[in-house]
Amino acid sequence: MKILFVSHAIREHIGVEKTSGYILEDYFRKLGNRVIHLYRDNWGSLLKINREFDPDLIFVVGVIGAPLCFLKKMGVITAPIMFYWNDYYVEIMGDKYGKHLIRFLENYTVRNSD
């Protein structure tokens, strides 16, 4: 199975902290799946990677799931989107980006992921 793992992580921080999402990424690889991790600094190449890699599943961590779910509704993405809800995004990012925006992105992702 081909899995596209999309997160808000910064490439340089991987390996410094091991959260449950990244433990799952390693687990998917150990099961023999092909996994590509799309980090925050590569979000701009999402459509190109999606087209070339043609994933069977898109595994999303964070509010980046909202634009992915929107692209799926538009028919640009066809793979199922699995949202890994591992944090209280409004409490963590609400002060920086606005609680209403983060709440909307979080709810949109939850309601529209597979």
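Residues numbered from 1 in each chain as written. Predicted model: local features only at pLDDT ≥ 70, side-chain atom pairs only at ≥ 80, totals over all residues. Heavy atoms only, no water.

**Student:** Explanation requested: the environment of Ser7 in the structure shown.
**Tutor:** Along the chain, the position of Ser7 falls in the loop between strand E1 (2–6) and helix H1 (20–30). Relative accessible area serves as the criterion here: at 0%, Ser7 is assigned to the buried category. Taking the C-alpha atoms as reference points, Ser7 and Val63, separated by 56 residues in sequence, lie 8.6 Å from one another. Sequence-distant contacts of Ser7, that is, excluding residues within four places in its chain, are made with Tyr22, His37, Leu38, Tyr39, Arg40, Trp43 and Val61. (Helix = DSSP H or I, 4+ residues; strand = E, 2+ residues; numbered from the N terminus. Buried < 20%, exposed > 50% of the residue type's maximum accessible area, 1.4 Å probe, protein only. Contact = heavy atoms within 4.5 Å.)

**Student:** Please clarify how helix H3 (residues 65–73) should be interpreted in this entry.
**Tutor:** Owing to its 3.6 residues per turn, the α-helix aligns residues three or four sequence positions apart on the same side. Of all the residues in H3, the buried ones are Gly65, Ala66, Leu68, Cys69 and Leu71. Turning to H3, the residues buried within the fold contact E1, helix H2 (46–53), strand E3 (57–61), strand E4 (81–84) and helix H5 (99–112). The first or second residue beyond H3 is Gly75, which carries a positive phi of 90°.

**Student:** Can you walk me through the environment of Leu68 in this structure?
**Tutor:** With respect to the helices, strands and loops of the structure, Leu68 is situated in helix H3. You can call Leu68 buried: its relative accessible area is 1%. Between the alpha carbons of Leu68 and Val6 there is a distance of 9.5 Å; along the sequence they are 62 residues apart. Discounting chain neighbours no more than four positions away, the residues touching Leu68 are Val6, Leu46, Ile58, Val60, Ile77 and Ile81.

**Student:** Looking at this model, I keep getting lost on the sheet that holds strand E2 (residues 34–38). Mind explaining?
**Tutor:** The strand order E2-E1-E3-E4 describes an open sheet built from four strands, whose pairing is parallel. Two strands in the sheet have a free side with no partner beyond their single neighbour: E2 and E4. For this sheet, the mean angle separating the axes of adjacent strands, direction not counted, is 20°. Relative to E3, E1 runs parallel, the two being bridged by four bridges. Considered in E3, the bridge of Phe5 is made with Phe59. (Pairing = 2+ DSSP bridges. Axes fitted to C-alpha atoms, helices over the stretch in contact; angles between N-to-C directions.)

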